[in-house]
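# Chains, contacts and geometry: an overview
These are the residues of each chain, in order.
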Amino acid sequence: MAKKQVWIATGRRKRSVAQVRMTAGTGKITVNGKDVNEYMPFAVLVMDLKQPLEATGNADKFDIDVNVKGGGFSGQTGAIRLGIARALLSFDADSDQTREDSYRKVLKTRGLVTRDSRIKERKKPGLKKARRAPQFSKR
């Protein structure tokens, strides 16, 4: 019996961490055991996380199973998108990377390989939030 080829990658954004398992298939995406359209509340978020697949022309070639924790839907979408992009890079790792149509060049020009490092700034003592000071009263 032949072993099924699986590509695994991790994506992070804000407080979210997504573990992506990509296998050859029909284009079905499941997030935490649910269909992606059922899990994500907005169609824009679904379009956003499918960007790496559509950029490389693999929208219906892989089944993707995702476990995601932490953050909100926007952060989870960014984490899943980065995880899918990294899984595609590991799938295309043994091909020639100098080609114009290599996945790395296609994804990198669209900014899908870069991790968005912006996270919430910590609250400081004496302030209401990270930078919001209490209201000033003259009298």
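Now for a quick tour of the structure. (Residues numbered from 1 in each chain as written. Predicted model: local features only at pLDDT ≥ 70, side-chain atom pairs only at ≥ 80, totals over all residues. Heavy atoms only, no water.)

## A few points about the nonpolar core
As a reminder, the rule being used: Throughout this description, the term nonpolar core refers to a set of buried Ala, Val, Leu, Ile, Met, Phe, Trp, Tyr and Cys residues connected via side-chain atoms within 4.5 Å. Only protein chains enter the accessibility calculation, which uses a 1.4 Å probe; a residue whose area is less than 20% of its type maximum is buried, one above 50% is exposed, and one in between is partly exposed. Numbered from the N terminus, helices here are DSSP runs of H or I no shorter than four residues, and strands are runs of E no shorter than two. Whether two residues touch is decided by their heavy atoms; if any such pair falls within 4.5 Å, the residues are in contact.
By size, the foremost hydrophobic cluster in this structure holds 29 residues, and its most contacted members are V31, M40, I64, V66, I80, I84 and L88. If one sorts the elements of this core by residue count, helix α4 (residues 73-91) sits on top with 7 residues. Apart from the residues within four sequence positions on either side, V66 is in contact with A18, Q19, V20, T30, V31, N32 and I80.

## Considering the sheet that holds strand β1 (residues 6-13)
What counts here: Strands were regarded as paired on the criterion that DSSP finds at least two bridges between them. In this description, a line fitted to the C-alpha atoms serves as the axis of each element, helices being fitted only across the stretch in contact, and the angle between N-to-C directions of two axes falls anywhere from 0 to 180 degrees.
What the 5 strands build is an open sheet, ordered β1-β2-β5-β3-β4; its pairing is mixed. Sheet topology places β1 and β4 (34-35) at the edges, where each strand pairs with a single neighbour. Pairing analysis gives 8 bridges linking β1 to strand β2 (residues 16-24), with the strands arranged antiparallel. Its bridge partner being in β2, R13 is matched across the sheet by S16. Helix-sheet contacts for α4 involve β1, β2, β3 (29-31) and β5 (62-69), and the interaxial angle to β1 is about 145°.

## Focus: unusual backbone geometry
The phi dihedral of K14 falls on the positive side, at around 50°, and the residue is not glycine. Even without being glycine, N32 reaches a positive phi, approximately 50°. With respect to the helices, strands and loops of the structure, N32 is situated in the loop between β3 and β4.

## Describing the side chain of S102
With respect to the helices and strands, S102 occurs in the loop between α4 and α5 (103-109). Leave out the neighbours within four places in its chain, and S102 touches D92, D96 and Q97.

## Some details on the environment of L82
Structurally, L82 can be placed in helix α4. C-alpha separation for the pair L82 and K105, spaced 23 residues apart in sequence, amounts to 15 Å. Sequence-distant contacts of L82, defined by excluding residues within four places in its chain, comprise G11, R12, L112, V113, T114 and R115.

## Let's talk about the environment of R12
Inspection of the secondary structure puts R12 in strand β1. Along the primary structure R12 and G78 are separated by 66 residues, whereas in three dimensions their C-alpha atoms are 7.2 Å apart. Non-local contacts of R12, meaning those with residues more than four positions away in its chain, are made with V17, A79, L82 and R115.

## Topic: the pairing of β5
Alternating positions in β5 separate cleanly, F62, I64, V66 and V68 being buried on one face and D63, D65, N67 and K69 remaining unburied on the opposite face. Bridge analysis of β2 against β5 gives 8 bridges, and the strand direction is antiparallel. If you follow V20 over to β5, its bridge partner there is V66. The sheet contact formed by β3 and β5 spans 3 bridges and is parallel. Counted as the bridge partner of I29 is I64 from β5.

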